[in-house]
Amino acid sequence: MASTRDEDRPTLPELFLIFLRLGLTSFGGPAAHLGFFHDEFVRRRRWLSDAAYGEIVALCQLLPGPASSQVGLAVGFLQRGYRGAALAWLAFTLPSAFLMGLFAAGLSVWPEAGNGGWVEGLKLFVVAVVAQAVWQMGKTLCPDAPRLTIALAVAAVLLLVGSVWVQVLALIAAGIVGLGLKNDIGADKGALSMPLEGRRPLAFALAFLLLLAASFLPFASGSLAWIGAELYRSGALVFGGGHVVLPWLESSFVASGAMPPDTFLAGYGVVQAMPGPLFSFSAFLGTAEAGFFGGLLAVVAVFLPGTLLVFAGLPLWTYVRQHPGARYFLAGVSAGVVGLLLSALYDPVWISAVKSPEALALVLVIWTALALWRVPVWLMAPACAVVGAWLL
């Protein structure tokens with residue numbers, strides 16, 4: 001169980017400052033964020049037991065949206081209710097979202113800056129980052145032949161027909177195939193208990209579904225309503241966190257013609273060097289399209305569905321944890337996510353960045369630095385920009 005004594009709980013300002021520090025220093029992406037959270041909230045402050053923290057992480061990994069941000073949201077909720085959750089999310093997200101908005105505004109003032117060799121260097125960096133994500137997620141989520149087969153089948157389908165609806169249907173099909181898995185997926189048996197009383201879970205779920213339905217309405221490309229709809233839909237349908245959101249946002253902003261591919265990939269490369277959640281890439285997209293209000297709306301829209309699902313899904317956690325059928329379905333979906341990311345590695349990432357043997361050589365060097373030498377991404381991103389400006 002999580003700590004419930006009032007004297008052990010932080011005040012709201014203390015909670016905000018703790019998460020703000022994490023938002024300023026948590027480099028390295030979702031996996032690193034979860035390590036920072038464990039050190040801060042389990043080892044140092046003892047707000048949670050290892051079992052309770054493990055259950056929070058497991059729940060958030062099963063939901064669409066940014067898993068590390070959802071874990072922080074749940075921790076804030078445990079400590080200070082909905083206000084604590086709101087402050088935890090704001091403090092953890094604000095630094096990277098602000099910096100990405102500034103970067104987008106700078107490109108709009110000086111567009112020639114987005115056409116130099118440094119952009120090409122960042123694009124090659126993105127190739128290595130996504131390849132590393134495929135490698136790591138594949139080892140974890142596809143540990144056997146059936147799940148690896150699911151991932152490769154999803155990748156093949158999406159490379160042939162890669163629309164948003166096909167992506168959704170492919171993940172559902174992967175979950176259905178996962179029901180036939182006979183491997184021991186296992187169930188978590190921790191001690192977390194976070195009940196939400198009354199009808200609030202139903203209200204959160206209903207709000208999620210209504211907003212998702214509204215996001216499919218036709219809006220004028222580039223308008224605030226269109227930005228909100230595209231970002232909400234991406235946040236609502238993406239399993240696997242920040243790396244997996246790439247193909248969804250690419251289909252919305254690049255394939256639709258709203259944003260040049262080079263600008264999109266430059267922003268995605270820069271966000272790798274930022275602390276905090278990768279979903280703050282939304283601030284770059286919104287600001288580039290519609291200025292300050294576009295960036296603000298984009299950030300709220302992409303994080304909102306995951307927030308609603310956390311509060312709606314907590315009471316269902318016991319069911320998911322205890323029923324093999326649900327775990328098998330989710331194991332299939334998780335394998336499908338690897339296939340989704342693998343298809344994105346080729347299109348748009350690879351085909352827009354790797355155009356020569358020299359570029360491929362640089363990708364191999366970058367991947368080696370990330371995967372084998374464990375060089376932090378926040379160091380690699382600016383280094384790749386400098387190398388690109390010098391060589392490309």
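First things first, this report covers the structure right here in the doc. (Residues numbered from 1 in each chain as written. Predicted model: local features only at pLDDT ≥ 70, side-chain atom pairs only at ≥ 80, totals over all residues. Heavy atoms only, no water.)

### Concerning the packing of aromatic side chains
Describing an aromatic ring pair means giving the distance of the ring centres and the angle of the ring planes. Counted by the stated rule, this structure contains 20 aromatic pairs. Plain terms: the ring middles of Y82 and F204 are 6.0 Å apart, the flat faces sit at 45 degrees to each other, and that makes the pair tilted. Of the two residues, Y82 is situated in helix α4 (residues 67-109) and F204 in helix α8 (residues 200-214); the sequence distance between them amounts to 122 residues. Through a chain of ring-to-ring contacts, three or more aromatic side chains come together here, namely F19, F37, F41, W47 and F92. (Phe/Tyr/Trp six-rings, centres within 6.5 Å; stacked < 30°, edge-to-face > 60°. Helix = DSSP H or I, 4+ residues; strand = E, 2+ residues; numbered from the N terminus.)

### Remarks on the nonpolar core
Nonpolar side chains tend to gather and get buried jointly when the protein is soluble and globular. The biggest cluster of nonpolar side chains holds 91 residues, and the ones touching the most others in it are M100, F281 and F284. If you tally residues by element for this core, the top one is helix α12 (residues 281-313), at 14 residues. Ranked by size, the runner-up nonpolar core spans 22 residues in total, among them F19, V42, V71 and L78. (Core = buried A, V, L, I, M, F, W, Y, C linked by side-chain atoms within 4.5 Å. Buried < 20%, exposed > 50% of the residue type's maximum accessible area, 1.4 Å probe, protein only.)

### A short note on the environment of F19
Inspection of the secondary structure puts F19 in helix α1 (residues 12-25). A relative accessible area of 0% places F19 in the buried class. Taking the C-alpha atoms as reference points, F19 and G72, separated by 53 residues in sequence, lie 8.2 Å from one another. Once residues lying within four places of it in the same chain are set aside, the contact partners of F19 are F37, F41, G72, V75, G76, A88, A91 and F92. (Contact = heavy atoms within 4.5 Å.)

### With respect to unusual backbone geometry
Even without being a glycine, R46 presents a positive backbone phi close to 55 degrees. By secondary structure assignment, the location of R46 is in the loop between α2 (30-44) and α3 (50-62). The phi angle at R374 is positive, at roughly 60 degrees, despite the residue not being glycine. Take R374: it is sitting in the loop between α15 (357-371) and α16 (377-391). Here R374 falls in the exposed class, since its relative accessible area comes to 59%.

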